[in-house]
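Listed here are the chains, written in short residue letters.
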Amino acid sequence: MSYTIEGNTGPWELVIGLEVHAQVISHSKLFSGAATAFGAEPNSQVSFIDAGFPGMLPVINRECVAQAVRTGLGLNAEINLWSRFDRKNYFYADLPQGYQISQYAHPIVGKGEIEIELADGAKKIVGITRLHLEQDAGKSLHDQHPTKSFIDLNRSGVALMEIVSEPDMRSPEEAGAYLTKLRQILRYLGTCDGNMDEGSMRADVNVSVRKAGEGYRTRCEVKNVNSVKFVMQAVEAEARRQIEVWESGGTVEQETRLFDTQRGTTRSMRSKEDAHDYRYFPEPDLPPLVLEPDWVEQLKASLPELPDVRRARYVAMGLTPYDAHVLTLEKETAAFFETVAKGRDAKQAANWVTGDFFAALNRLKRDITDPPVTAENLGGLLDLIADGTVSGKLAKEIFEIMIETGKAPGVIVEERGLKQVTDTGAIEAAVADVLAKNADKVAEYKSGKDKLFGFFVGQTMKAMQGKGNPALVNEVVKKLLG
Amino acid sequence: MRLTDHTLRSALDALNAGETTSVALTEAFLEGIARLNPRLNAFITVSADQALEAAKASDARRAVGKAGPLEGAPLAIKDLFCTAGTQTTAGSAILGGFVPPYESTVTKNLLRDGAVFLGKVNLDEFAMGSSNKTSAYGAVENPWSRANDPDTRLVPGGSSGGSAAAVAAHLALGATATDTGGSIRQPAAFCGIAGIKPTYGRCSRFGIVAFASSLDQAGPVARTVEDCAILLRSMAGFDPRDATSADLPVPDFAAACARPVKGLRIGVPREYRLDGMAPEIEALWRQGLDWLVQQGATLVDISLPHTKYALPTYYVVAPAEASSNLARYDGVRFGLRETAQNSDLRDLYERTRAKGFGAEVQRRIMIGTYVLSAGYYDAYYLKAQKVRALIRRDFEQAWGQVDAIVTPATPSAAFGMDEKQDDPVTMYLNDVFTVTANLAGLPGIAVPAGLDAQGLPLGLQVIGKPWDEETCFSVGAAIERAANFTAVPGIRA
């Protein structure tokens with residue numbers, strides 16, 4: 001059953017396409033040597049090129065091109081060996097050159113696709129129309145002074161990839177899943193950090209509504225939405241607004257809108273009549289960008305494993321599809337898991353990572369990039385279980401001590417004498433002592449109260465401070481009870 | 001011989017022989033500038049103190065045997081080249097007071113080779129013009145005047161009018177210039193000196209205030225063809241900071257000047273024989289070709305069929321690029337900033353650009369904006385790009401038959417300051433013989449070849465194959481030798 005919004009005139013379908021601006025991970029800007037780090041002092045990362053000084057010329061940054069090609073390859077897209085930069089002309093105080101260098105007519109990456117998965121397990125292909133490289137503008141700060149605007153050019157000239165989808169999405173959930181998946185792929189590729197709250201990824205959302213079986217109706221573009229949640233909210237809010245317009249006899253006008261995250265509604269930013277005439281023309285300062293096929297092949301050969309492939313590999317390793325999904329959501333989580341699982345039982349490693357480890361992250365409000373227990377130490381703990389040094393139960397206690405102290409599990413076992421007791425004599429002595437102290441319970445057991453068996457085991461383990469090998473303790477209790 | 005009468009070659013020889021010093025030369029030129037610049041207005045900025053310091057340093061380098069190829073040679077720099085620490089105006093009020101913190105690659109190359117900069121010379125505003133009258137820093141006067149009408153002040157041509165006038169008046173041994181549609185070759189011809197626009201990409205554009213990026217190219221003007229060759233060798237070279245500069249070795253251009261033209265095939269394009277062309281120009285062209293034949297070259301009649309579309313094509317492409325290149329002059333970061341009380345951003349733009357740009361620059365920004373606008377792009381800009389490709393192809397086909405092409409440099413001699421005022425299109429016709437080389441990216445040299453009936457210099461142009469400036473120099477030097485052009489302007493140091 002496809003997603004619809006029920007209006008007064010019946011159900012409405014949604015048509016959604018996304019234009020995502022993703023900041024390229026690179027040390028320097030697209031056309032200058034200035035640095036790109038986030039959060040630096042205003043105007044501290046600006047070259048004369050970025051500030052549009054007379055006589056300054058852009059020179060393309062090879063690494064940014066490589067990142068765009070990697071991204072294209074990761075989106076199963078056509079790589080255009082010949083592409084070209086254009087100038088998009090408009091005046092604004094934070095656009096020092098008076099034009100943005102972008103790729104309008106001939107983008108570096110053509111058609112591709114992304115597979116998304118929905119909550120009900122259904123899969124869907126969303127088409128990618130194109131990906132092009134462009135430079136970012138600076139930032140206007142209107143709240144620093146009562147009568148003046150301040151300009152920070154640190155972002156000016158930073159490389160962006162604009163990734164345009166086909167209008168293939170039909171629900172807020174699909175839009176959210178697309179953006180999440182795209183971000184996941186970019187992070188795996190290492191081409192964009194996907195940090196939407198720092199502005200290194202933002203989405204323009206194109207929405208229209210229609211009745212079943214119709215062609216496309218007029219769309220509106222909701223600009224600069226900066227989280228997955230807001231994209232989903234903006235889609236729904238804008239769709240509901242358009243439905244109301246159509247159903248009240250009006251006409252949706254093509255326009256650019258903004259999403260008000262406080263009110264959860266969209267409002268008009270500028271109409272089609274006010275749209276700029278950008279006067280695009282080929283950037284004469286840059287020759288066409290020509291890629292060597294061999295170079296593209298090299299980039300392809302060195303691409304990291306992407307989430308879908310990795311997930312399938314984890315399932316093949318014996319993980320449940322759910323664990324495989326959870327462990328591959330973030331590249332860092334997968335890397336953590338792989339370190340824990342290396343040379344060990346993958347299923348057990350997955351259980352520990354998704355179980356106690358994730359619980360600890362949640363409880364401590366820590367992030368996978370700042371884990372309370374290192375992957376190496378968690379792996380070491382699994383080794384101690386595997387070789388019988390500690391029991392599974394004891395391991396959980398040791399894990400908590402590892403969190404508190406940051407020490408390696410072997411060190412903790414050594415320091416606290418937590419090594420599992422496998423000496424049958426010692427276990428027999430402990431069991432005998434427990435049975436002797438609980439003669440009444442022994443009698444009850446012998447008269448048929450089988451459940452007390454666990455009580456004797458538990459008492460023995462307690463007496464041995466949890467260090468008794470559980471299998472051996474069971475065996476001895478059974479033997480001594482006769 | 002006065003020091004200011006030196007050519008670059010003879011001055012370098014004198015310096016090398018210890019017969020003079022850079023300080024002596026620099027003082028002589030500075031004296032000439034002080035005396036004549038109030039009338040000629042060739043210099044916007046005279047850097048007397050810096051020049052003398054540089055000359056002293058140069059003489060010191062020479063004394064320890066560290067002389068570069070241009071060691072100690074006083075030059076003038078077109079005020080379109082950014083020079084670190086020295087005001088760079090582009091001839092515009094909008095850049096008034098702008099002191100670049102960086103050096104253009106071309107001027108950096110000249111400094112590397114030991115040149116001394118006397119100052120920054122005048123030009124049409126943002127290099128847009130053929131008379132040097134659009135400069136916000138006043139018109140430049142041509143040091144030549146008509147024999148029968150000495151009181152009519154003449155233009156030096158443009159846009160490199162200050163460069164050409166300074167060199168012609170012996171106020172510098174040579175000068176940097178730039179050429180977007182003829183801005184080196186036309187003023188060189190008007191002032192009776194030589195000037196070459198090299199192949200597009202031969203000189204770095206880094207640090208040169210942009211007019212039309214796909215057409216702009218730096219080159220020298222100087223008294224002789226060989227002087228141009230010496231200067232170009234220092235100015236040229238690959239620059240990783242200009243993506244359109246060519247990673248090719250720079251030949252010994254001066255050596256090419258001595259190369260004989262015997263056996264060379266010289267193209268004579270029939271489309272350059274304009275209706276109503278001045279008989280003197282026609283005769284000079286004929287004469288130049290005869291000289292080359294006498295030295296063993298052969299003539300080949302060729303056709304460049306799209307020549308008649310070159311000027312309109314140029315006046316679409318160049319303003320289009322200029323309208324975008326000049327968007328950065330907005331009053332926000334440097335140069336002129338005009339505001340009123342309660343000015344908003346738009347008001348700042350409008351006031352700054354209305355006051356800062358002159359009429360010709362505003363006209364070209366408007367033309368350029370128009371031809372790029374939605375609905376007009378295909379009819380103008382795109383069409384112009386297609387015609388440009390056809391013009392380029394005309395030349396490619398010609399290179400199958402000829403080694404160089406010889407044409408007049410300009411359709412007339414220098415005109416009076418008050419002539420050709422009313423109609424910008426008439427002014428644009430000055431570029432009719434020169435724009436094709438820019439549209440096709442080809443090297444072209446202007447060489448003084450004779451005088452008209454009024455005693456004013458006339459020049460011929462040699463257009464070469466891409467990256468073949470050497471043949472331009474060979475042919476240009478052959479014309480120069482035959483012409484034995486020894487005339488000098490009345491006003492000179």
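The rules behind the values
- Residues numbered from 1 in each chain as written.
- Chains lettered and ligands numbered in written order.
- Predicted model: local features only at pLDDT ≥ 70, side-chain atom pairs only at ≥ 80, totals over all residues.
- Heavy atoms only, no water.
- Helix = DSSP H or I, 4+ residues; strand = E, 2+ residues; numbered from the N terminus.
- Expected span 1.5 Å × (residues − 1).
- Buried < 20%, exposed > 50% of the residue type's maximum accessible area, 1.4 Å probe, protein only.
- Arc of directions from axis to C-beta.
- Axes fitted to C-alpha atoms, helices over the stretch in contact; angles between N-to-C directions.
- Parallel < 35°, antiparallel > 145°, perpendicular 65-115°, else oblique.
- Left-handed = near helix turned anticlockwise from the far one by under 90°.
- Contact = heavy atoms within 4.5 Å.
- Nonpolar A, V, L, I, M, F, W, Y, C, P; charged D, E, K, R; others polar.
- Polar contact = N/O pair within 3.5 Å; in protein donor to acceptor, adjacent residues only side chain to side chain.
- Pairing = 2+ DSSP bridges.
- UniProt positions renumbered as here; feature names shortened; annotations may be inferred.
- Buried area = accessible area lost by both parts, 1.4 Å probe.
- Salt bridge = Lys/Arg side-chain N within 4 Å of Asp/Glu carboxyl O.

## Focus: helix H3 (residues 48-63) of chain B
All names here are of chain B.
Here is step 1: With 16 residues, H3 ought to run about 22 Å at 1.5 Å a step, and its terminal C-alpha atoms sit 22 Å apart, in line with that.
Here is step 2: Taken together, the buried positions of H3 are Ala51, Ala55, Ser58, Asp59 and Arg62. Viewed end-on, H3 has its buried residues packed into an arc of 100°, placing them on one side of the element. In H3, those exposed residues whose orientation departs by more than 90 degrees from the buried face are Asp49, Glu53 and Ala63.
Here is step 3: With its phi angle positive at about 75°, Gly65 sits one or two positions after the end of H3.

## Here's the deal with the packing of helix H5 (residues 307-316) of chain A against helix H7 (residues 331-341) of chain A
Residue and element names in this part refer to chain A.
Here is step 1: The contact between H5 and H7 brings their axes to 12 Å, and the two run at 30°. Between H5 and H7, the angle is such that the two are roughly parallel. When you trace H5 past H7, the crossing you get is left-handed. Residues Arg310, Arg313 and Tyr314 of H5 form the contact with H7, whose own contacting residues are Lys331, Ala334, Ala335, Phe337 and Glu338.
Here is step 2: Split by residue class, the contact of H5 with H7 holds four nonpolar, no polar and four charged.

## Observations regarding the side chain of Lys78 of chain B
All names here are of chain B.
Here is step 1: Among the structural elements, Lys78 can be located in strand S2 (residues 74-78).
Here is step 2: A polar contact of 2.6 Å, which involves the side chain of Lys78, links it to the side chain of Thr178.
Here is step 3: When neighbours within four sequence positions are excluded, Lys78 is seen to be in contact with Lys120, Val121, Leu123, Ala127, Ser159, Ser160, Ser163, Thr176, Ala177, Thr178 and Ser183.

## Quick notes on the pairing of strand S10 (residues 444-451) of chain B
All names here are of chain B.
Here is step 1: Counting buried positions along S10 gives seven out of eight residues, so the element sits mostly inside the fold.
Here is step 2: Taken together, the three bridges between strand S5 (residues 194-197) and S10 define a ladder with antiparallel strand orientation. Across the sheet, residue Gly195 finds its bridge partner in S10, namely Ala446.
Here is step 3: Alignment of S10 against strand S11 (residues 457-464), held across seven bridges, turns out to be antiparallel. Residue Ile445 lies in a different strand from S11, and its bridge partner there is Val462.
Here is step 4: The loop that links S10 with its antiparallel partner S11 comprises five residues; one of these, Gly455, has a positive phi angle of about 85°.

## Looking at the UniProt feature "active site" (unreviewed entry) in chain B
Residue and element names in this part refer to chain B.
Here is step 1: Per the UniProt record, "active site" (unreviewed entry) is annotated on Lys78, Ser159 and Ser183. These annotated residues cover 106 residues of sequence, and their C-alpha atoms lie no more than 11.3 Å from one another, placing them together at a single site.
Here is step 2: Following the sequence through the fold, Ser159 ends up in the loop between strand S3 (116-121) and helix H5 (161-168).
Here is step 3: Those residues in contact with Ser159, other than ones at most four positions away along the chain, are Lys78, Asn122, Leu123, Asp124, Ala127, Met128, Gly129, Asn132, Thr178 and Ser183.
Here is step 4: Engagement of the side chain of Ser159 in a polar contact is seen with the side chain of Lys78, the distance being 2.8 Å.
Here is step 5: Positionally, Ser183 belongs in the loop between strand S4 (174-179) and helix H6 (185-190).
Here is step 6: With relative accessibility at 5%, the residue Ser183 sits in the buried group.
Here is step 7: Those residues in contact with Ser183 that lie beyond four places of it in its chain are Lys78, Ala127, Gly129, Gly158, Ser159, Ser160 and Thr178.

## Details of the interface of chain B and chain A
Here is step 1: Each partner contributes residues to the interface: chain B has 39 residues there, and chain A has 29 residues.
Here is step 2: Interface of chain B and chain A: buried area, both sides summed, is about 2,700 Å²; carbon and sulfur atoms make up 62% of it.
Here is step 3: A salt bridge links Arg205 of chain B to Asp285 of chain A, with the shortest nitrogen-to-oxygen separation between them at 3.0 Å.
Here is step 4: Inspection of the region where chain B meets chain A yields 15 residue pairs in polar contact (both at pLDDT 80 or more).
Here is step 5: Breaking the side of chain B that touches chain A down by element, the ones donating at least two residues are helix H10 (310-325), helix H11 (345-356) and helix H12 (359-372) of chain B.
Here is step 6: Broken down by class, the residue content of the side of chain B that touches chain A amounts to 22 nonpolar, nine polar and eight charged.

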